Amino acid sequence: MEQIAQQFFNLEIMAKALPLVLRGLAMTLLICAVVIPLGALGGLLAALGSVARVRALRWLSIGFVDLFRAIPPLVLLIFIYAGLPFAGLRLSPFAAVSIGFFLNNSAYFAEIFRAGLLSVPRGQAEAARSTGLGPAQTLIWVTLPQAVRNVLPDLLSNVVEVVKLTSLASVVSLGEMLHAAGLVRSLTYNASPLVLAAGIYLVLLWPLIRLIARFERRIAG
Amino acid sequence: MAGFVDTFLDAAVLARYAPDILRGVGVTVILSVLIVLSGVALGLALACVRAYRIAPLSVAIVIFADVLRALPPLVLILLVFFGLPNIGVMLSSFTVLYLVLTLVLAAFAEEIVWAGITATPKGQWEAARSTGLSFSGTLVYVVLPQAVRMVIPPLTNRAIAITKMTALGMVIGVPDILGQATTAQSFSANASPLTLAAIAYVLLFLPLVIASRWLESRFAPPGA
């Protein structure tokens, strides 16, 4: 018991790791601030493509989504970060993470937006068009708000997944939270910094998970 | 174009490392099957236990599910892999990856199956109980089959997402597809092994992704 406390909950080591881990947290949040809006936008475009009238556009969008849902994000990230330099394209870790996660997130957001768009009855768009709204106006003011509301819990769960996903950036030595904690662990041979990082992830994400559960109950009930 | 092929699809490099990557495919497939079987079974069992609504047990299950859903799997993998040896528990990287991903999948599966159990109409419980079936009998023979049917699409999606995470094993040295490919890439100083790995993942997972699309339309709730 003593040993577990010493190896996992060593407050002295946690205190030493805290400044570095907090700086890592700032980077984690920065990645999220870049990747979540980009992924949502890319996902929305792919979703619109996947329900478009033009068949080629539909196939292209669904092909994109399925391809990037099939490739593990870490494989994509390492391919971009370690593979592309062989072709003379050397990206910074931040750029590699942004591009890799943009492609991965877009695919997941696209599936959610697609379900949302399909959940809005066709009559809504037809009624909006008949009042004189243009196609873009109909989408922005009538279809999209209802679509987003219908899939809000799924969108939020995906945000949680993206925040968790940023931990992969540590593999390409981008100094986000897990990277910082792992660094202190390797210096101290003690797992407490990792427990500290885990605690911060929990504080960050647990409220969101509870919120999602409440949304889901409200929609089901 | 020739430069592109030499860099990403060099025939000599591909031929040299294809056997390693193929062995990696074996490791990835075995891990994936083990994780899906045990993770889904454990999640199903936990959801059933929760149905008895014994307060301390339910609270423990909810905490387990919340914590494992909130923590990034890579954090858990590193924590277990580097933490346990310090207190005298030695596990292979394969075992660590298997254990962590099984628990993560179990947490998600528990929540998904539980949602299915609560969504099963109350009348089903009442009707089954009134025929003389016990609580456990009702749960296993009446409610669970309906609940599981309802949640097959989200369960499949989650299982696919978590089996893809076997690639994280590369970080702790599991010789899976990505692990073999990154080793080969650094030996050969060529990106072709990574290309081969990406192709292997697409061949493995694209059929599953397409199948999950089909399942979604097949098991769509009426009216949706």
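Everything discussed here concerns the structure shown above.
As the structure is a prediction and not an experimental result, all values here were calculated from the model. (Residues numbered from 1 in each chain as written. Chains lettered and ligands numbered in written order. Predicted model: local features only at pLDDT ≥ 70, side-chain atom pairs only at ≥ 80, totals over all residues.)

### Brief notes about the overall build of chain B
From N to C terminus, chain B includes nine helices and zero strands. Along chain B, from the amino end to the carboxyl end, the secondary structure elements read α-α-α-α-α-α-α-α-α. Looking at the 224 residues of chain B, the share that counts as buried comes to 44%. Long-range pairs, those at least 24 residues apart, make up 78% of the contacts in chain B between residues at least 6 apart in sequence. (Helix = DSSP H or I, 4+ residues; strand = E, 2+ residues; numbered from the N terminus. Buried ≥ 20, exposed ≤ 12 C-beta atoms within 10 Å, placed from the backbone. Contact = placed C-beta atoms within 7 Å.)

### Some details on the interface of chain B and chain A
Contacts between the two partners involve 37 residues from chain B, matched on the other side by 36 residues from chain A. Elements with a contribution of two residues or more to the side of chain B that touches chain A: helix H1 (2–8), helix H3 (55–70), helix H4 (73–83), helix H8 (177–188) and helix H9 (192–218) of chain B. In terms of residue count, H9 of chain B provides more of the side of chain B that touches chain A than any other element does, nine residues in total. Considered class by class, the residues forming the side of chain B that touches chain A number 28 nonpolar, six polar and three charged. (Nonpolar A, V, L, I, M, F, W, Y, C, P; charged D, E, K, R; others polar.)

### Some words on helix H7 (residues 135–164) of chain B
Relative to the 44 Å expected for 30 residues at 1.5 Å per residue, H7 of chain B spans just 37 Å between its end C-alpha atoms, considerably shorter than the ideal helical length. Of all the bends found along H7 of chain B, the most pronounced is centred on Ile 152 of chain B and spans about 55 degrees, while Pro 153 of chain B, a proline, follows it within four residues. (Expected span 1.5 Å × (residues − 1). Bend = angle between axes of the 7 residues up to and from the residue.)

### A word on the packing of helix H3 (residues 55–70) of chain A against H9 of chain B
Two elements in contact, H3 of chain A and H9 of chain B, have axes whose closest approach is 8 Å; the angle formed by their N-to-C orientations is 120 degrees. Taken together, the axes of H3 of chain A and H9 of chain B are oblique relative to one another. The handedness of the crossing between H3 of chain A and H9 of chain B comes out as right-handed. Residues Asp 66, Leu 67, Arg 69 and Ala 70 of chain A of H3 of chain A touch H9 of chain B, and the partners they reach there are Tyr 201, Val 202, Phe 205, Leu 206, Val 209 and Ile 210 of chain B. Classifying every residue of the contact of H3 of chain A with H9 of chain B gives eight nonpolar, no polar and two charged. (Axes fitted to C-alpha atoms, helices over the stretch in contact; angles between N-to-C directions. Parallel < 35°, antiparallel > 145°, perpendicular 65-115°, else oblique. Left-handed = near helix turned anticlockwise from the far one by under 90°.)

### Some points on the packing of helix H5 (residues 93–119) of chain B against H7 of chain B
Residues and elements named next belong to chain B. Put simply, H5 and H7 touch, their axes get as near as 8 Å, and they point 145 degrees apart. At the point where H5 passes H7, the crossing takes the right-handed sense. Side by side, H5 and H7 meet where Leu 101, Val 104, Leu 105, Phe 108, Ala 109, Ile 112, Val 113, Ala 115, Gly 116, Ile 117 and Ala 119 of the first sit next to Val 143, Ala 147, Val 148, Met 150, Val 151, Pro 154, Leu 155, Arg 158, Ala 159 and Ile 162 of the second.

### Focus: the environment of Thr 138 of chain B
All names here are of chain B. Following the sequence through the fold, Thr 138 ends up in helix H7. The exposure class of Thr 138 is buried, given the 20 C-beta atoms found within 10 Å. Note: C-alpha distance between Thr 138 and Trp 125 (13 residues apart in sequence) is 6.6 Å. Among residues more than four places away in sequence, those in contact with Thr 138 are Trp 125, Ala 128, Arg 129, Leu 133 and Val 143.

### Focus on the environment of Leu 152 of chain A
As for its placement among the helices and strands, Leu 152 of chain A is situated in helix H8 (residues 152–165). In this structure, the C-alpha to C-alpha distance between Leu 152 of chain A and Glu 216 of chain A, residues 64 residues apart in sequence, is 9.0 Å.

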